[in-house]
Amino acid sequence: MIPVNITESVISFRSSHWDRKLFDELVPLPEGTTYNAYLVKGSEKTALIDTVYPPKTADFISALQQTGIETLDYIISNHGEHDHSGSIPAVLELFPNAKVVTNMKCRRFILDTLPVDKDAFITIKDGSTLSLGDKTLTFLMTPWVHWPDTMITYLEEDRIAFTCDFLGSHFATTDLFAIDEARVEIAAKRYYAEIMMPYRAYSKEALDRLEPLKLDFIAPGHGPVHARPEFITGLYRQWTADECKPTVVIPYLSMYESTATMVTYLVDRLQERGLSVRPINVVDLDSGELAMALVEASTVVFASPTVLSGAHPFVAYAALLANMLAPKTKFAAVVGSFGWEGTLPDVIQAMLPKLNVTFFEPVLARGVPREEAFAELDRLADDIARANFGGAPAAAQEVETA
Ligand code: FEO
């Protein structure tokens, strides 16, 4: 890890975890991740903003020592999760007089999970400021992006918002800044989908807190720093807006090709009606792919064979995830096949209480789909098109033939 200046007074420490595959044993990390901390040097005091994941502590402490600082007055903790707070005890060992500055909720999490003395804390509230001499830090409470303790620290003189998880990305890179915006957008969308989407309304509120600030940089706790803040805030505005895109996501799998045949047929009929369609075979589901697909999709159709009176467990897992992630999706349906028990739609619908969706009539085929099932899929495609486009569904472009 190399300390790198963002401005003359602010140094970034970005601990890359290139080969980390999963976060919380749940979230896939195809691009690895970074844990970011920042040092702010004022004319009178010095503050460290967040720390790094405990396995990276030794590297972080070594980088901190490379800066040549002899004293550290404050450790600002924007969030108590250990990928940001986990090295606080080691920093306090190095600088025992430093105070941990945070809100009451974050203080509670740190006391509950880390060996930090309760007398080491200075607790602050929304709007509190901390002077470093010629620099001032302002603390903005932004709860639920994504824990109740999360806050943003704003450095007015350098026009930097330190946003911790909010506006971050799991993207290991040696680039200090988000130069490759196409790649960063994908990583940031995956991050939003998996971490922030369940708290979409709170993400909007956090964006509103940033709106009046003069910003040259957004410095998150993961991924590269944004030297073009409007890039990431614009994406978040779009993702958190109530409007959806006319896109249908179809998590599916098939055991004897009946469900797959229905999905293939439905994809074509939806495409003909001008909808974008994203079928996702969930046999080897990357939960991040499903989460990303749901960020702006208007419609989700779960497609499954019937197994032991319910959904195939892998489709059930996709439904469980979709329910937990609570996307802004507005419409849903269930299609599938069965041998002797047509209970699938009720089982899947009951798994989606957090989705604020209108369910269309399901389509079930007994065994191999035949004429009646295909007619029902035509009807479902009409229902979906009508719901998305009103009375005038857009026609798909026809392929010109010679
Ligand atoms: Fe990056 Fe919620 O921790």
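These remarks concern the structure in this document. Note that the coordinates shown come from a computational prediction; the quantities given were computed from them, not determined experimentally.

### Quick look at the sheet that holds strand β1 (residues 4–7)
Inference 1: Here 7 strands make up an open sheet; going across it, the order is β1-β2-β5-β6-β7-β8-β9 and the pairing mixed. The open sheet terminates on both sides in strands that have one partner only, identified here as β1 and β9 (121–123). Neighbour-to-neighbour, the strand axes of this sheet turn through a mean angle of 25°, independent of strand direction.
Inference 2: As defined by bridge partners, β1 adjoins strand β2 (residues 10–17) across 3 bridges and the pair is classed as antiparallel. Counted as the bridge partner of T7 is V10 from β2.
Inference 3: Across the sheet, helix α1 (residues 57–66) lies against β2, β5 (33–41) and β6 (46–49), angled at about 155° from β2, the strand it touches most.
Inference 4: Most of the contacts of helix α4 (residues 104–113) go to β9, to which it runs at about 155°, and overall it touches β8 (99–102) and β9.

### Brief notes about the sheet that holds strand β11 (residues 136–141)
Inference 1: The sheet built from 5 strands is open, its strands ordered β10-β11-β12-β13-β14 with mixed pairing. Two strands in the sheet have a free side with no partner beyond their single neighbour: β10 (129–131) and β14 (217–220). Direction aside, the axes of adjacent strands within the sheet are offset by 20° on average.
Inference 2: Alignment of β10 against β11, held across 3 bridges, turns out to be antiparallel. Bridge assignment links T129 to a residue of β11, and that residue is T138.

Thresholds applied
- Residues numbered from 1 in each chain as written.
- Predicted model: local features only at pLDDT ≥ 70, side-chain atom pairs only at ≥ 80, totals over all residues.
- Heavy atoms only, no water.
- Pairing = 2+ DSSP bridges.
- Helix = DSSP H or I, 4+ residues; strand = E, 2+ residues; numbered from the N terminus.
- Axes fitted to C-alpha atoms, helices over the stretch in contact; angles between N-to-C directions.
- Contact = heavy atoms within 4.5 Å.

Honestly, that's just the spatial picture; any functional story needs more than this.
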